[in-house]
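# Understanding the architecture of this molecule
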Amino acid sequence: MSNLSVTRCKIPTEENSNSVYVKVKNMNQKLSRQITINAYSENSPTKESLPVYVDTQPTHIDTLEPETEKIYKIDVSNLKGKVIFEITQKMGSSGIRTLKNSNNPSLVELHLK
């Protein structure tokens with residue numbers, strides 16, 4: 001039986017910004033974590049995916065090695081409102097914790113346990 005962990009959070013977009021950022025940390029000291037990422041407009045009835053990048057490479061599936069972190073950039077050009085960021089992890093997790101930075105509301109940090 002598979003263990004599936006899904007977390008969603010809303011990230012506000014800023015008028016003068018074309019991007020929002022999500023930092024994902026693998027807090028596990030031994031295991032890698034394979035994740036699936038989806039980002040879409042809160043106002044989208046079809047949940048059409050927004051472009052997500054690591055560095056300059058587009059991605060929606062990634063692997064985090066033990067005790068590593070990556071910053072994902074979401075392209076929110078011409079988007080008003082909030083972005084829903086969804087991360088799905090299969091197998092071996094005890095959960096995903098979401099932290100928001102009150103100094104920078106367009107940066108969200110997720111910890112994989």
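Structure shown above.
Let me begin by describing the structure that accompanies this report. Not measured: the values here are computed from a predicted model. (Residues numbered from 1 in each chain as written. Predicted model: local features only at pLDDT ≥ 70, side-chain atom pairs only at ≥ 80, totals over all residues. Heavy atoms only, no water.)

Our next topic: the side chain of Thr59. Positionally, Thr59 belongs in the loop between strand E5 (57–58) and strand E6 (61–64). A polar atom in the side chain of Thr59 sits 2.7 Å from the backbone oxygen of Ile61. (Helix = DSSP H or I, 4+ residues; strand = E, 2+ residues; numbered from the N terminus. Polar contact = N/O pair within 3.5 Å; in protein donor to acceptor, adjacent residues only side chain to side chain.)

Next up on the list: the pairing of strand E1 (residues 4–12). The alternating pattern of E1 places Ser5, Thr7, Cys9 and Ile11 on a buried face, while none of Leu4, Val6, Arg8, Lys10 and Pro12, on the opposite face, is buried. Judged from the nine bridges that link them, E1 and strand E8 (residues 82–90) form a sheet pairing that is antiparallel. Bridge pairing links Pro12 to Lys82 in E8. (Buried < 20%, exposed > 50% of the residue type's maximum accessible area, 1.4 Å probe, protein only. Pairing = 2+ DSSP bridges.)

Under the criterion given, the structure shown has five salt bridges. Residues Glu86 and Arg8 are paired through a salt bridge, measuring 2.6 Å at the closest nitrogen-oxygen approach. Placement of the pair is Glu86 in strand E8 and Arg8 in strand E1, with a sequence separation of 78 residues. With a relative accessible area of 15%, Glu86 lands in the buried category. We note a salt bridge from Lys10 to Glu42, for which the minimum N-O separation is 2.9 Å. Remark: Glu42 occurs in the loop between strand E3 (33–41) and strand E4 (52–54) and Lys10 occurs in strand E1; sequence separation between them is 32 residues. (Salt bridge = Lys/Arg side-chain N within 4 Å of Asp/Glu carboxyl O.)

With that out of the way, let us pick up unusual backbone geometry. Phi angles above zero are rare outside glycine, and Asp55 is one such case at about 60°. For Asp55, the position within the fold is in the loop between E4 and E5. In this structure Asp55 comes out as exposed when scored by relative accessible area, which is 68%. One non-glycine residue, Asn78, lies in positive phi territory at about 60°.

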